[in-house]
Amino acid sequence: ALGAPFWIDGLVMGQVNPVLVFLMTRALGLWAAGREVQAGALLGLAVALKVTPALLVLHAAWRLRGRAVGAALAVLLALAVLAPAAVWGPARTFEIYRGWADEALLGGVAGGDAASGRSVRFNNQSIPAWTARLLTEAEAGTRSGRFSVNVAALTPDAARAVSLGLLAILAAVLLAAW
């Protein structure tokens, strides 16, 4: 009952999160039952949909569950590399992934979408997007209006350096805690 709003909202909006929760919990159940290949295959599918489930693949690697990791990587390779390459060709697939990396990983600190004058990451809570909203002159407007939450006017390159520094600090803290 407490999770119903999450499920209903996700299904109504067509979001993938309810599917991910199902895939991950089913994978954990299969893993507990000793069916590592099937568990890994479901995790590979989940990672192909969204990056966060890769944490369970890393956990499987840490626990030395090689068959689960191998199955996850095989399914991920098939869905995220081979299938797109078969449809668009290897060069176009590489171009798409490179564009995604530029936009998703570093684009949040690049100042937004010049054509619309609005940040392309106004609702994203990632560290790069947060850094762009706070430390550059990027527009932080939403679809219903424009607003600014900037506390500094760093260049995109300087904000990118701050973002990467924050990510490095976070990674070091998590590694130290582990």
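What counts, and where the lines are drawn
Residues numbered from 1 in each chain as written. Predicted model: local features only at pLDDT ≥ 70, side-chain atom pairs only at ≥ 80, totals over all residues. Heavy atoms only, no water. Helix = DSSP H or I, 4+ residues; strand = E, 2+ residues; numbered from the N terminus. Expected span 1.5 Å × (residues − 1). Bend = angle between axes of the 7 residues up to and from the residue. Buried < 20%, exposed > 50% of the residue type's maximum accessible area, 1.4 Å probe, protein only. Contact = heavy atoms within 4.5 Å. Patch = residues over 30% accessible without salt bridge, like charges linked within 9 Å, V, L, I, M, F, W, Y side chains within 5 Å. Areas by Shrake-Rupley, 256 points an atom, 1.4 Å probe, with all protein chains shown as cover. Salt bridge = Lys/Arg side-chain N within 4 Å of Asp/Glu carboxyl O. Core = buried A, V, L, I, M, F, W, Y, C linked by side-chain atoms within 4.5 Å. Axes fitted to C-alpha atoms, helices over the stretch in contact; angles between N-to-C directions. Left-handed = near helix turned anticlockwise from the far one by under 90°. Nonpolar A, V, L, I, M, F, W, Y, C, P; charged D, E, K, R; others polar.

A closer look at helix H5 (residues 66-88)
For H5, with 23 residues, the first-to-last C-alpha span of 31 Å sits near the 33 Å given by 1.5 Å per residue. Maximum bend of H5: about 35°, positioned at Ala78. Buried within H5 we find Ala68, Val69, Ala71, Ala72, Ala80 and Pro84. Following H5 by one or two positions, Gly89 adopts a phi angle in the positive range, close to 90°.

Let's talk about the environment of Val21
Note that Val21 resides in helix H2 (residues 17-32). Expressed as a C-alpha distance, the spacing of Val21 and Trp7, which sit 14 residues apart in the sequence, is 9.7 Å. Excluding residues that lie within four positions of it along the chain, Val21 makes contacts with Phe6 and Trp7.

A look at a nonpolar patch on the surface
Together, Trp130, Leu154, Val162, Leu166, Ile169 and Val173 make up a nonpolar patch on the protein surface, roughly 490 Å² of accessible area in all. Take the nonpolar patch: its biggest share by element is 4 residues, from helix H8 (residues 156-177). Given the relative accessible area of 40%, Trp130 is considered partly exposed.

A word on the environment of Ala54
Here Ala54 is to be found in helix H4 (residues 54-62). Through-space distance from the C-alpha of Ala54 to that of Ala72 is 9.1 Å; in sequence the pair is 18 residues apart.

Considering the nonpolar core
Core analysis: the biggest nonpolar cluster contains 12 residues, these being Ala27, Leu30, Trp31, Ala39, Leu43, Val47, Leu56, Val57, Ala60, Ala68, Val69 and Ala72. Sorting the residues of this core by element identifies H2, helix H3 (36-49), H4 and H5 as the ones contributing at least two each. Among all residues touching Val69, those that are not within four sequence positions of it are Val57, Ala60 and Ala61.

Observations concerning the packing of H3 against H5
The interhelical angle for the contact between H3 and H5, taken along N-to-C directions, is 40°, at an axis separation of 7 Å. Between H3 and H5 lies a crossing of right-handed hand. Residues Glu36, Val37, Gly40, Ala41, Leu43, Gly44, Leu45, Val47 and Ala48 of H3 form the contact with H5, whose participating residues are Arg67, Ala68, Ala71, Ala72, Val75, Leu76 and Leu79. Counted by class, the contact of H3 with H5 contains 12 nonpolar, 2 polar and 2 charged residues.

A word on the pattern of salt bridges
Under the definition given, this model contains 3 salt bridges. Arg65 serves as the salt-bridge partner of Glu36, at 2.9 Å between the closest nitrogen and oxygen. With Glu36 in helix H3 and Arg65 in the loop between H4 and H5, this pair connects stretches of sequence that are 29 residues apart. By relative accessible area, Arg65 is classed as partly exposed at 28%. The salt bridge involving Glu95 is made with Arg92; its shortest N-O contact spans 2.9 Å.

Section: the side chain of Glu36
Given a relative accessible area of 13%, Glu36 falls into the buried group. In this structure, Glu36 is in contact with Trp31, Arg65, Arg67 and Ala68, ignoring residues within four places of it in sequence.

As far as function goes, none of this settles anything; it's purely spatial.
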